[in-house]
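# Per-entry structural report
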Amino acid sequence: MSHSESHVLDELHTQSHSDATHGSVKDYLIGFVLSIILTAIPFWAVISGTLSKPTTFACVVVMAIVQIWVHLKYFLHLNFKTEDGKASSLSFIFSALIIVMVVGLSVWIIYESNAMMMY
C-alpha cells in the first residue's frame, strides 16, 4: 500500500469517527416527535383548563425539563458514553451553572436594590 492510499484510508477512518458523533435521521425524527408531544401536552393543559392551577404549573415545568433532556440527547448529542461526550457534557453543565448563577444573582441584586430604595 502506498503512502497516498494509507493517507486516504486514514482520512476515511477519521471522517467515519467524526460522523459517528452526529445523529442519524432516525435520532432526529425521534427527537422531533418527542419535542412535538412534549410541547402539545402542556399546551393542552393550559388551553383546556381542566387541571387545577398547581397541577397545570407542575405539568408545564415537568414537560419543560423532559424537553430539555430530549434536546440535549437527540439534537446536541450530549452523552457520557465516550470521552468526548463526557467532556462536552461537563462543559455544558459548567456553562449552564455559570449562566444560572449570573442570572440568579443579578435578579437577586436588582430585587434587593429595589427593596432598599423603597424604604
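This report concerns the structure included in the present document. The structure displayed is predicted, hence computed values, not measured ones.

With that settled, the discussion passes to the nonpolar core. Membership of the largest hydrophobic core is limited to six residues, which are L38, A45, C59, M63, V70 and Y74. For this core, the secondary-structure elements that each account for two or more residues are α2 (25–48) and α3 (53–75). At four residues, the largest contribution of residues to this core is made by α3. Sequence-distant contacts of Y74, defined by excluding residues within four places in its chain, comprise D27, Y28, I30, G31 and L34.

Glancing now at the packing of aromatic side chains. Across all of its chains, the model carries one aromatic pair by this definition. Aromatic pair Y28 and F75: ring centres 6.1 Å apart, planes at 20°, arrangement stacked. Here Y28 is found in helix α2, whereas its partner F75 is found in helix α3, with 47 residues between them in sequence. Note on Y28: relative accessible area 34%, which makes it partly exposed. For F75, a relative accessible area of 27% corresponds to the partly exposed category. When the ring centre of Y74 is taken as origin, the NZ or CZ atom of K73, which lies over that ring, is 5.2 Å away.

Before going further, it helps to spend a moment on α2. Look at α2: 34 Å from first C-alpha to last across 24 residues, which is about the 34 Å you get at 1.5 Å a residue. Of all the positions in α2, only G31, S35, L38, P42 and A45 are classed as buried. Packed against the buried residues of α2 are α3. Downstream of α2 by one or two residues, G49 has phi in the positive range, about 70°.

Moving on, we get to the pattern of salt bridges. For the structure shown, the criterion picks out one salt bridge. Between E83 and K86 there is a salt bridge, with the nearest N and O atoms lying 3.9 Å from each other. Residue E83 and its partner K86 are both found in helix α4 (residues 83–118); the two are separated by three residues, about one turn of the helix.

Along the polypeptide, T56 turns up in helix α3. Those residues within four positions of T56 in sequence are excluded, and the remaining contacts are A45, V46 and L51.

On to the packing of α2 against α3, then. Direction vectors running N to C along α2 and α3 enclose 170°, while the axes themselves pass 9 Å from each other. As summarised for this structure, α2 and α3 are arranged roughly antiparallel, according to the angle between their axes. Here the contact of α2 with α3 is composed, by residue class, of 16 nonpolar, six polar and one charged.

About the thresholds
- Residues numbered from 1 in each chain as written.
- Predicted model: local features only at pLDDT ≥ 70, side-chain atom pairs only at ≥ 80, totals over all residues.
- Heavy atoms only, no water.
- Core = buried A, V, L, I, M, F, W, Y, C linked by side-chain atoms within 4.5 Å.
- Buried < 20%, exposed > 50% of the residue type's maximum accessible area, 1.4 Å probe, protein only.
- Helix = DSSP H or I, 4+ residues; strand = E, 2+ residues; numbered from the N terminus.
- Contact = heavy atoms within 4.5 Å.
- Phe/Tyr/Trp six-rings, centres within 6.5 Å; stacked < 30°, edge-to-face > 60°.
- Lys NZ or Arg CZ within 6 Å of the ring centre and 35° of its normal.
- Expected span 1.5 Å × (residues − 1).
- Salt bridge = Lys/Arg side-chain N within 4 Å of Asp/Glu carboxyl O.
- Axes fitted to C-alpha atoms, helices over the stretch in contact; angles between N-to-C directions.
- Parallel < 35°, antiparallel > 145°, perpendicular 65-115°, else oblique.
- Nonpolar A, V, L, I, M, F, W, Y, C, P; charged D, E, K, R; others polar.

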